[in-house]
Amino acid sequence: MAHYFAYYTAVRSSFFRHTATALLLGQSLVACSPVPRPSYNDRSAVIYGEDGRIEVIDETDPLWLEKARATVALVARSQLTPSSDGHSFQIQTHPSTLPYPFCPGERFTAQPEVAACTGVLVAPDLILTAAHCLHLPPGCNPETGCDYAAQVCPSVSFLFDWRLDAETRTAPTQIDSHSVYQCRKILAGARDPVQKLDWLLVQLDRETTGRTPVTLPLFPTSKELVVGRPVVQIGHPLGRPLKILHGAELLPSQHAHQLVANTDTFVGSSGGPLFDAQTGVLIGLLSTGERDFELDFAQESRCLRSRVCTAETSCLGERYSRVEQAMDTIIRLVLLRPGDSPQPGG
């Protein structure tokens, strides 16, 4: 099938609920959660060398602009208020609940927080994201009877196109209804910290229009995904408007189901797509990573500063669940649906 499908994973209504203790213990912000916002006690994110994140409106390559249109924010349904005519939604942002302010000069921190997690369109009505975003219980298989989905689905919405406006360079507070979708059903997923499984496939309430689902790895890609392979990551770091990250590459991984990369990712990017920069094929979903912030005592008042990893520091990289681990299920549930024809990739 030319367009694969993936379903949603994550909403957080209480987005940045974390504590100073969690930050000082080196815990990071990669998780997102169904209705409660993701906490900073899930590891993920940091700056590797120079910060490679850019606004979508500053991207010039049509390929990555297309991938950005297929990337979606997972938000609490309560954050979106429909207009009286049904043509748009008002977006409710989250006030920061951080125990300390950001230090002067921290990028993007003046922008509003909305996203709890990130997902990616793999078929016209399917989103793929990280299982921990929707708090899929370890060992739970939605296909064989995991009724938690009935509680999660009604609480989450999927918001496309939440990015800075090209003219004002500000985040929109209102968005067209064609960019907003609801959760119809959680089709499949797997979450196993030991096996490094962390993916979820969600069906939307209707097919998307005007978007091209990303290309999935129909064939094994292990030979191509070697250390040093350039990658591109797209997501909503800190719940902010969509960003595209260039200049990263794969690092050594100790597990067959996991990719490691030096991507500048933060909480809110969890579940977001990692692409092979050379082929444009989806290869991973952000799962966890390094500690995001350090407490800066040098300022007049304490503040949070992004942790920067250099050649001299011992950072292990951001961890991604390999999309290949979900391909058997996607092929069975999606590619074999009537009217679908495979689109080779990888």
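Residues numbered from 1 in each chain as written. Predicted model: local features only at pLDDT ≥ 70, side-chain atom pairs only at ≥ 80, totals over all residues. Heavy atoms only, no water.

(A) Layout of the overall build of the protein. Looking only at helices and strands, the protein has four helices and 20 strands in total. Partitioning the contacts of the protein with sequence separation of at least 6, the portion at a separation of at least 24 is 77%. Surface exposure of the protein reaches about 13,700 Å², of which carbon and sulfur atoms provide 52%. (Helix = DSSP H or I, 4+ residues; strand = E, 2+ residues; numbered from the N terminus. Contact = heavy atoms within 4.5 Å. Areas by Shrake-Rupley, 256 points an atom, 1.4 Å probe, with all protein chains shown as cover.)

(B) Highlighting unusual backbone geometry. Despite not being glycine, Asp161 shows a phi value in the positive range, around 70°. Residue position: Asp161 is located in the loop between β8 (156-160) and β9 (174-176). What makes Asp161 buried here is its relative accessible area of 17%. Unusually for a residue other than glycine, Arg169 sits at a positive phi of about 55°. Note that Arg169 resides in the loop between β8 and β9. (Buried < 20%, exposed > 50% of the residue type's maximum accessible area, 1.4 Å probe, protein only.)

(C) Inspection of the state of the cysteines at higher detail. Per the stated rule, a full pass over the model turns up three disulfides. Each sulfur of the disulfide joining Cys103 and Cys303 lies 1.9 Å from the other. Between Cys103 and Cys303 the sulfur-sulfur dihedral comes to about 95°; the bridge is accordingly right-handed. With Cys103 in the loop between β5 (88-91) and β6 (117-123) and Cys303 in strand β18 (residues 303-306), this pair connects stretches of sequence that are 200 residues apart. (Disulfide = S-S within 2.5 Å.)

(D) Structural detail: empty space enclosed by the protein. Following the criterion strictly, the structure yields one cavity of 30 Å³ or more and no others. Of the voids in this model, the largest cavity is the one considered here, and its volume is about 40 Å³. Lining the largest cavity, in full, are Arg53, Gln233, Ile234, Gly235, Pro237, Lys243, Ile244, Leu245, Asp264, Thr265 and Ser269. When contributions to the lining of the largest cavity are tallied by element, the ones reaching two or more residues are β12 (230-235) and β13 (243-251). By residue class, the composition of the lining of the largest cavity is four nonpolar, four polar and three charged. (1 Å grid on protein atoms, 1.4 Å probe; cavity = no way out; pocket = protein on both sides within 12 Å on 5 of 7 lines; lining within 4 Å. Points joined across faces, edges and corners; volume = space filled by probe spheres on them. Nonpolar A, V, L, I, M, F, W, Y, C, P; charged D, E, K, R; others polar.)

(E) Looking closely at the pairing of strand β11 (residues 197-204). Across the eight residues of β11, eight count as buried, placing the element largely inside the fold. Strand direction decides the pairing type here: strand β7 (residues 126-129) and β11, joined by four bridges, are antiparallel. Opposite Leu126, over in β11, you have Gln203 as the bridge partner. Examined bridge by bridge, strand β10 (residues 180-192) and β11 share eight bridges and lie antiparallel to one another. Paired with Ala188 across the strands is Leu201, a residue of β11. The antiparallel hairpin formed by β10 and β11 contains four residues in its connecting segment, where Lys196 sits at a positive phi of about 65°. (Pairing = 2+ DSSP bridges.)

(F) Up close: the environment of Arg53. Within the secondary structure, Arg53 sits in strand β2 (residues 53-55). Sequence separation between Arg53 and Lys243 is 190 residues, and the spatial gap between their C-alpha atoms is 6.0 Å.

(G) Quick peek at the side chain of Ser179. Secondary-structure assignment places Ser179 in the loop between β9 and β10. We classify Ser179 as buried; its relative accessible area is 6%. Polar side-chain contacts of Ser179 include one of 2.7 Å to the side chain of Asp161. Here Ser179 is in contact with Phe158, Leu159, Phe160, Asp161 and Arg211, once residues within four sequence places are set aside. (Polar contact = N/O pair within 3.5 Å; in protein donor to acceptor, adjacent residues only side chain to side chain.)

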